[in-house]
Amino acid sequence: MSAFRYSLLLFFLLILLGCSPSEKEKNKAQYLSLHWELVENQVQPKQRHVAKLVVSNTGTVPLTPNWKIFFNTIFLSLSPEILSGEVVIEHLSGDFFQLVPKENFPVLQAGESHEIIYASNSFLTKNSHAPHGLYVVFEGEDAGIPIDQFKVKPFTLAHQLQAVAGTNVPIPGHDFLFAQNANLSFIKPHLLSPIIPTPKNYHWGEGFLELKGDISIDAGPFKKEVAHFINLLQGHYAGNIRMVENAATDISLGISDQTLEKEAYHLSVGEGIRIAASNESGAFYALQSLLALLPWDFFSGKQESLLIPNIEIRDQPRFAHRGLFLDVARNFQSKEAVLKLLDLMAFYKLNVFHINLANDEGWRIEIPGLPELTAIGSKRGHSPTETDYLWPYYGSGPDWQNSPNGTGYYTVSDFKEILRYAQDRHIEVIPEIGVPAHSRAAIIAMRKRYHQKMKDGDQEGALEYLLEDFEDTSTYLSAQNFRGNTICICQESAFRFYEKVVDEIIAMYRSENVPIQTFHTGGDEVPNGVWTQSPVCREFIEASPEINSVHDLSNYFYTRISKMFEEKGLQTAGWEEIGQMELEEGGRQTVRPNPAFAEAGFRVYAWNAVAGWGGEDMAYQLANAGYEVIICNSSNIYFDLAYNLDPDEPGHEWSGYVDLKAAWKMVPFNNFISNDSDMYGRPIDPEELAKGKVRLTDRGKSNIKGIQGQLWTETVKGQDMMEYYLLPKMLGLVERAWAADPEWAGIADVDSRLPVREAAWNSFANAVGQRELPRLDHLFGGFNTRLPKPGAIIEGGLLHANVETPGLQVRYTRDGTEPDMHSPLYTAPMPIDGKIYLKAFTPSGQSGGISIIEKKHHH
């Protein structure tokens, strides 16, 4: 046996012994039971919640406190106050905490319990924000064992309504929802836009065109687009659909005799179907529109005919960049989930997919030559010092091999497949590798590489891609509570590393003949205090005449990497921070566009327009200054923000709540009228908000290249949740990105604007409820859409109900059981006695949450 094979065997034995829990410890863990409940929860005078954690021994032998319990939550103070219970709760990193018993924590005899009570300076809004991902590590062991006996006592809407009494905090009880839906009413289908996004011009004809049997298509110059169209239809159509090259066909495509814009098309349905476009993307979108004109249930099975309304459509998009961003770093999404998402984007005419491939909590793409990035950076599990893989952020569990959201990456061939799939659907893929912050996964992976190479006596190799200064004693905490997440940019190895990664990603595009124009560098949220105590940076600053202090480093960094991108023929992109600088105005620190890069062709993604935070006009300042801008407003189109404040509605809330209407009512050129109230439910006065703020100049307008919705995934676990967070709210983005600027957006006076806006909203909400949501149950195999809870009030002794997207069916029960497809339909106000349960359904039987209405009897 060779020495190498012998050491390999030893290595595997060590892994088997060291990392899997012993049977004895497993037995102990199975008798460790925990119960969590909220004791107090308040919004004012200052936010605070108090919770109780009960630790019990359900076994037959005593349980000594020789354990540590690890858990995750984003919604807890970094050092919670322990009111009782003999433990310490310590923040480790990000959302990861440990709970350690103190010396006088009791030995728990069989059947005994011990209560821990702690307080945190935040108001808890959601059941999913309670501690989760609990596991235990016993003394002398390296492995974590999940705590299966963990129960959370849920808090309810009623609890929350009580907690916010006397404030505007928008807790969505059934009466709140009813008021929210008050301006909605059912509209007859032919009065709605024929498809979403709404075409620029359309004209209804009389009746329908019905195609049966074999269908022939003359693709003209658009064979690839037609092949894709046939591929989608054929599985749901009984006859044959084939391409032929003669004049007498059911469907024909050709080059338009007028010069149409790049993505524009004409579609006419009458005697037959005629499509004209100037190029492939126009033809592709015409065919998507044709698919959308089919009955919503077309994709539910095999159909005998194609039934399409007679119509004339002349269409073109408002914005050239119609983007969707997906973070696969925080929690991973499978390649299959991404491909299905690309199908959805193409159907709704989105054309840019921006994918965040690396962050503090994960590195998700194979980089040839740097195997550590995925060997270490793509895995999450219990590791005492976070050296062999990353800690299990976001409840991803102690076992890295059994962690579908925490562990995972795309191989080179996976990524190439994503690129080809997107290209076939006229979608540009923009990769993001964020630097210099948000880089903890890369830093840890390259640290491992360094130590391995040093051990092998290869000092040059060790230093080649090192991302940190080991002597740096700077203390800082990132926005997501990470330490050590920012690359040391004062050493050449940082640039060598970044260029290596960029080159390998570019090579994946080149080998598939997929163009790459733009590379996204992140650049956001560089924590205060980085580099200040780094000897490497101190030396570097002293040796560099053009750099006077740590504050000059970020300009230096972006000058270097933008020059690198320019040499590679790529545009430098990043979040809005890469176009900003801090300066003092009138005695206070403020943020302004950085003139250094205003003419450098940078593209910045403007996200921070939260009403009342001061950055409402930042996108416009940047565009006016010369930056290319993509509008990404967090308070309208950050899709990881929860739909609302319902305690059972998952999601984030740091800049408000985003539902279908929030996305739909965004006005890209006028942020001041994009939100009616703030996250606390306080009304926003748009005129007050706009005072002293910058408006878009003509130059600025031409620099706004489009809009993009974001799905960050700290709270998103798996494909079903991803789809739930996106649908239907993403349809608001779809409409704003393609459809013409709505009439209401141009009405300056609030009182005149709102009724016009509400009428337009009613029309859009009906289109979603009558067509889009029912179709999404079947399209591309069906999506896990989020359906709203019905709104309801009791008035004059009668129950009145409504729903956010008219066209959904509201069903009810009076016997305390959950409504199903056999329950009666709500059609008009009805008498109520006792409790009524209401639920919204699509025609196929998908349903949302339950609203419970009770007639209170006054004694």
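Structure: see above.
Here goes a summary of the coordinates provided. As the structure is a prediction and not an experimental result, all values here were calculated from the model.

Parameters at a glance
Residues numbered from 1 in each chain as written. Predicted model: local features only at pLDDT ≥ 70, side-chain atom pairs only at ≥ 80, totals over all residues. Heavy atoms only, no water. Buried < 20%, exposed > 50% of the residue type's maximum accessible area, 1.4 Å probe, protein only. Helix = DSSP H or I, 4+ residues; strand = E, 2+ residues; numbered from the N terminus. Pairing = 2+ DSSP bridges. Disulfide = S-S within 2.5 Å. Contact = heavy atoms within 4.5 Å. Patch = residues over 30% accessible without salt bridge, like charges linked within 9 Å, V, L, I, M, F, W, Y side chains within 5 Å. Areas by Shrake-Rupley, 256 points an atom, 1.4 Å probe, with all protein chains shown as cover. Salt bridge = Lys/Arg side-chain N within 4 Å of Asp/Glu carboxyl O. Lys, Arg positive; Asp, Glu negative; His and termini not counted. Charge placed at Lys NZ, Arg CZ, Asp CG, Glu CD. Axes fitted to C-alpha atoms, helices over the stretch in contact; angles between N-to-C directions.

**Considering the pairing of strand E2 (residues 48–57)**
Within a regular beta strand, the side chains point alternately toward one face of the sheet and then the other, so they alternate between its two faces.
Next, step 1: Counting buried residues in E2 gives 8 out of 10 residues, a clear majority hidden from the surface.
Next, step 2: In this sheet, E2 lies alongside strand E1 (residues 32–42) in antiparallel orientation, the contact comprising 10 bridges. The residue bridging Leu38 from the neighbouring strand is Ala51, located in E2.
Next, step 3: Bridge analysis of E2 against strand E7 (residues 113–120) gives 8 bridges, and the strand direction is antiparallel. What sits directly across from Ser56, in E7, is Ser113.

**Here's the deal with the state of the cysteines**
Next, step 1: Throughout the structure, instances matching the rule amount to 1 disulfide.
Next, step 2: Residue Cys490 pairs covalently with Cys537 via a disulfide, S to S 2.1 Å. Measuring the twist about the S-S bond at about 95°, one finds the Cys490-Cys537 disulfide to be right-handed. Placement of the pair is Cys490 in the loop between helix H11 (459–464) and helix H12 (492–511) and Cys537 in helix H13 (residues 535–543), with a sequence separation of 47 residues.
Next, step 3: Judged by relative accessible area, which is 8%, Cys490 ranks as buried.
Next, step 4: No disulfide involves Cys488; its nearest neighbouring cysteine sulfur is the one of Cys537, lying 4.0 Å away.
Next, step 5: For Cys488, a relative accessible area of 3% gives the class buried.

**A word on the environment of Pro824**
Next, step 1: Tracing the chain through its elements places Pro824 in the loop between strand E31 (809–813) and strand E32 (830–831).
Next, step 2: The class for Pro824 is partly exposed, based on a relative accessible area of 40%.
Next, step 3: For the pair Pro824 and Lys24, spaced 800 residues apart in sequence, the C-alpha to C-alpha distance is 55 Å.
Next, step 4: In contact with Pro824, other than residues within four places in its own chain, are Val810, Arg811 and Tyr812.

**Focus: a negative patch on the surface**
Next, step 1: Side chains of Asp685, Glu687, Asp749 and Asp751 sit close together on the surface and give a patch of like negative charge.
Next, step 2: Among the secondary structure elements, Asp749 is positioned in the loop between helix H21 (730–738) and helix H22 (750–776).
Next, step 3: Asp749 gets classed as partly exposed once you look at its relative accessible area, which sits at 38%.

**Details of the sheet that holds strand E9 (residues 145–146)**
Next, step 1: Strand order in the open sheet made by the 5 strands is E5-E6-E3-E8-E9, with antiparallel pairing throughout. Of all the strands in the sheet, the pair left with one neighbour each is strand E5 (87–93) and E9.
Next, step 2: Pairing between E5 and strand E6 (residues 96–101): 6 bridges, direction antiparallel. Bridge assignment links Val88 to a residue of E6, and that residue is Val100.
Next, step 3: Along the sheet, helix H2 (residues 23–30) contacts strand E8 (132–138) and E9; its crossing angle with E8, the most-contacted strand, is approximately 135°.

**What about unusual backbone geometry?**
Next, step 1: In this chain, Gln44 is followed by Pro45 through a cis amide linkage whose omega measures 0°.
Next, step 2: In this structure, Pro45 sits in the loop between E1 and E2.
Next, step 3: Residue Ile196 is joined to Pro197 through a cis peptide bond whose omega torsion reads 0°.
Next, step 4: Within the secondary structure layout, Pro197 lies in the loop between helix H4 (174–180) and strand E11 (201–212).
Next, step 5: Positive phi, normally seen in glycine, also occurs at His426, with a value near 60°.
Next, step 6: Considering the arrangement of structural elements, one finds His426 in the loop between helix H9 (412–424) and strand E21 (428–435).
Next, step 7: If you check the backbone angles, Glu525 has positive phi at about 50° while not being a glycine.

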